[in-house]
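# Chain and residue survey
What follows is the residue order along each chain.
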Amino acid sequence: MLGAGAVAQVRAVFADWNNCGARQSPLDITPNDALEARLAMVPIAGKYIARRSPSALPMVQFLGGPHPGNEPGEQLVALTDLVGELAPRCRPRS
């Protein structure tokens, strides 16, 4: 077990500490990567809908779905339609 002195303390605020030092350049994102990312967020949107979260509607819209109503059933239909639209467009990775 490590003692309290095993982890160095930084006296800077996190934002200041995070802004110093070298950065890695962002990776190029292919259109297929963008589709995969949207599809990967579908389960999160589904959880929002199931929990009747106020974030469900903005999440479905963010993913590119049609503007569903405020009812969870309408949001689920919109999310299902979105998956049906996106999934066939994704190419398998080689």
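Scroll up for the structure.
All values derive from a computational prediction rather than experimental measurement.

On to the overall build of the protein chain, then. A count of helices and strands for the protein chain gives 5 helices and 0 strands. Along its sequence from the N terminus, the protein chain presents helices and strands in the succession α-α-α-α-α. The proportion of buried residues among the 94 residues of the protein chain is 20%.

Attention shifts here to the environment of L35. Along the chain, L35 turns up in helix α2 (residues 31-40). Each C-alpha atom of the pair L35 and C90 lies 6.4 Å from the other, and the pair is 55 residues apart in sequence. Here L35 is in contact with L86, R89 and C90, once residues within four sequence places are set aside.

Another aspect to go through is the nonpolar core. A45, I49, V60, L63, L79 and L82 are the most contacted members of the largest nonpolar core, which totals 13 residues. Of all the secondary structure elements, the ones that give two or more residues to this core are α3 (42-50), α4 (56-62) and α5 (72-86). In terms of residue count, α5 provides more of this core than any other element does, 4 residues in total. Discounting chain neighbours no more than four positions away, the residues touching A45 are M59, L63 and L79.

Position of Q75 among the secondary structure elements: in helix α5. When near neighbours in sequence (up to four residues on either side) are disregarded, Q75 contacts I49, A56, L57, V60, P68, G69 and N70.

The next thing to look at is unusual backbone geometry. A positive phi angle, near 55 degrees, is found at R52, a position not held by glycine. Here R52 shows up in the loop between α3 and α4.

Take the side chain of N32 next. Turning to its location among the elements, N32 is positioned in helix α2. Among all residues touching N32, those that are not within four sequence positions of it are R89, C90 and R91.

Moving on, we get to the environment of E85. For E85, the location among the structural elements is in helix α5. In this structure, the C-alpha to C-alpha distance between E85 and G65, residues 20 residues apart in sequence, is 9.3 Å.

Before going further, it helps to spend a moment on the packing of α3 against α5. As a packed pair, α3 and α5 sit with axes 10 Å apart at the nearest point and diverge in direction by 170 degrees. Considering the angle they form, α3 stands roughly antiparallel to α5. Residue-level inspection shows V42, A45, G46 and I49 of α3 in contact with α5, the latter providing P72, Q75, L76, L79 and V83. In the contact of α3 with α5, the residues fall into 7 nonpolar, 2 polar and no charged.

Rules used in this analysis
Residues numbered from 1 in each chain as written. Predicted model: local features only at pLDDT ≥ 70, side-chain atom pairs only at ≥ 80, totals over all residues. Heavy atoms only, no water. Helix = DSSP H or I, 4+ residues; strand = E, 2+ residues; numbered from the N terminus. Buried < 20%, exposed > 50% of the residue type's maximum accessible area, 1.4 Å probe, protein only. Contact = heavy atoms within 4.5 Å. Core = buried A, V, L, I, M, F, W, Y, C linked by side-chain atoms within 4.5 Å. Axes fitted to C-alpha atoms, helices over the stretch in contact; angles between N-to-C directions. Parallel < 35°, antiparallel > 145°, perpendicular 65-115°, else oblique. Nonpolar A, V, L, I, M, F, W, Y, C, P; charged D, E, K, R; others polar.

Nothing here speaks to function; it is all geometry.
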